[in-house]
Amino acid sequence: GAGAEALPTTVKLGGWYHTSDRFGDQRFDTDGRSLADPLSNGMPRLHRGDWGLYGIVDTMLYREPGSDDQGLSVFARLAGSPAAQNLVGFYADGGVAYKGLLPGRDNDTAGLAFAYAPISDRARDLDRDYRSFGEPSYPVRSQELVVELTYQAQLAPWWTLQADLQFVSNPSGKVDNADGQLRENAVVVGLRSALTF
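One structure accompanies this document, and this report is about it. Here the structure is a predicted model, which is why all the values come from computation and not from measurement.

## Focus: the sheet that holds strand β6 (residues 90–99)
- Ordered by their spatial adjacency, 8 strands build an open sheet running β1-β4-β5-β6-β7-β8-β9-β10, and the pairing between neighbours is antiparallel. The open sheet has two edge strands with one neighbour each: β1 (9–18) and β10 (186–195). Strand-to-strand twist of the sheet, defined as the mean angle between neighbouring strand axes without regard to direction, takes the value 15 degrees.

Written out as structure tokens, the structure reads:
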């Protein structure tokens, strides 16, 4: 709160576990063959259970003198899951936000963030298998990267308007569209309005 010497910080560590016994393998069938193999039965090997671990840090680095929440904050998040049954085995995002960046706009927030999601080794190995089994131009998925720039304006005590601009590199990890053409990088533009009653 106001006058506190320490800057606010939140640290979270957690995990999850799913008890289902029907998590399909990202590469192998029930006979142990690659799903890309023409002799594969096409039925993914099933895994019992799935799990993930994550960590989050959200902290204020600088608070403007005399304010409760104006200033510079940063956040970071890491998450991981087993590659055998997950398309994405690791995930990271982070960013910075500044509340009250512009003079006279004390309740506005500007932010810059990124998200990084590499395709799991098991799924990439399946793509390489497709190449080795006779599809040399089959795309090998790599990672998806998103960079986001946003500005939220407090137009009235009950109304905020937020503009958002995102650049997405390798959507879905670099895959083909239905027409066989490689999926291009994307730009996403958004606008969100929130009313509080």
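Next comes the rest of the description.
## Description of helix α1 (residues 121–132)
- Here α1 is 12 residues long and its end C-alpha atoms lie 16 Å apart, about the 16 Å a rise of 1.5 Å per residue gives.
- Buried within α1 we find Ala123, Arg124, Leu126, Asp127 and Asp129.
- Contacts from the buried residues of α1 go to β2 (23–29).
- Within two residues after α1, glycine 134 carries a phi angle of roughly 105 degrees, on the positive side.

## Here's the deal with the packing of aromatic side chains
- Applying the stated rule across the entire model yields 2 aromatic pairs.
- Ring plane angle 20 degrees and centroid distance 4.5 Å describe the contact between tyrosine 130 and tyrosine 138, whose orientation is recorded as stacked.
- Seen in terms of ring centroids, tryptophan 158 and tryptophan 159 are 6.0 Å apart; in terms of plane orientation they differ by 15 degrees. Their pairing is stacked.
- Relative accessible area serves as the criterion here: at 48%, tryptophan 158 is assigned to the partly exposed category.

## Digging into the environment of tyrosine 54
- Note that tyrosine 54 resides in strand β4 (residues 50–63).
- For the pair tyrosine 54 and lysine 12, spaced 42 residues apart in sequence, the C-alpha to C-alpha distance is 8.1 Å.
- When near neighbours in sequence (up to four residues on either side) are disregarded, tyrosine 54 contacts Lys12, Leu13, Gly14, Gly15, Leu78 and Ala79.

## Re the pairing of strand β7 (residues 109–118)
- One ladder, built from 8 bridges, connects β6 with β7; its direction is antiparallel. Counted as the bridge partner of lysine 99 is threonine 109 from β7.
- By the bridge criterion, 10 bridges tie β7 to strand β8 (residues 143–156) in an arrangement that is antiparallel. Within the sheet, the bridge partner assigned to alanine 117 lies in β8 and is glutamate 144.

## Let's talk about the side chain of serine 67
- Note that serine 67 resides in the loop between β4 and β5 (71–80).
- Accessibility expressed as a relative area gives 11% for serine 67, which makes it buried.
- Within polar-contact distance, the side chain of serine 67 engages the backbone nitrogen of glutamine 70 at 3.4 Å.

## Notes on the environment of glutamine 26
- Secondary-structure assignment places glutamine 26 in strand β2.
- The buried category is assigned to glutamine 26, whose relative accessible area is 18%.
- The spatial distance from the C-alpha of glutamine 26 to the C-alpha of leucine 126 is 7.2 Å, given a sequence separation of 100 residues.
- Setting aside chain neighbours within four positions, we find glutamine 26 in contact with Ala83, Ala84, Gln85, Asn86, Leu87, Ser120, Arg122, Ala123 and Leu126.

What counts, and where the lines are drawn
- Residues numbered from 1 in each chain as written.
- Predicted model: local features only at pLDDT ≥ 70, side-chain atom pairs only at ≥ 80, totals over all residues.
- Heavy atoms only, no water.
- Pairing = 2+ DSSP bridges.
- Helix = DSSP H or I, 4+ residues; strand = E, 2+ residues; numbered from the N terminus.
- Axes fitted to C-alpha atoms, helices over the stretch in contact; angles between N-to-C directions.
- Expected span 1.5 Å × (residues − 1).
- Buried < 20%, exposed > 50% of the residue type's maximum accessible area, 1.4 Å probe, protein only.
- Contact = heavy atoms within 4.5 Å.
- Phe/Tyr/Trp six-rings, centres within 6.5 Å; stacked < 30°, edge-to-face > 60°.
- Polar contact = N/O pair within 3.5 Å; in protein donor to acceptor, adjacent residues only side chain to side chain.

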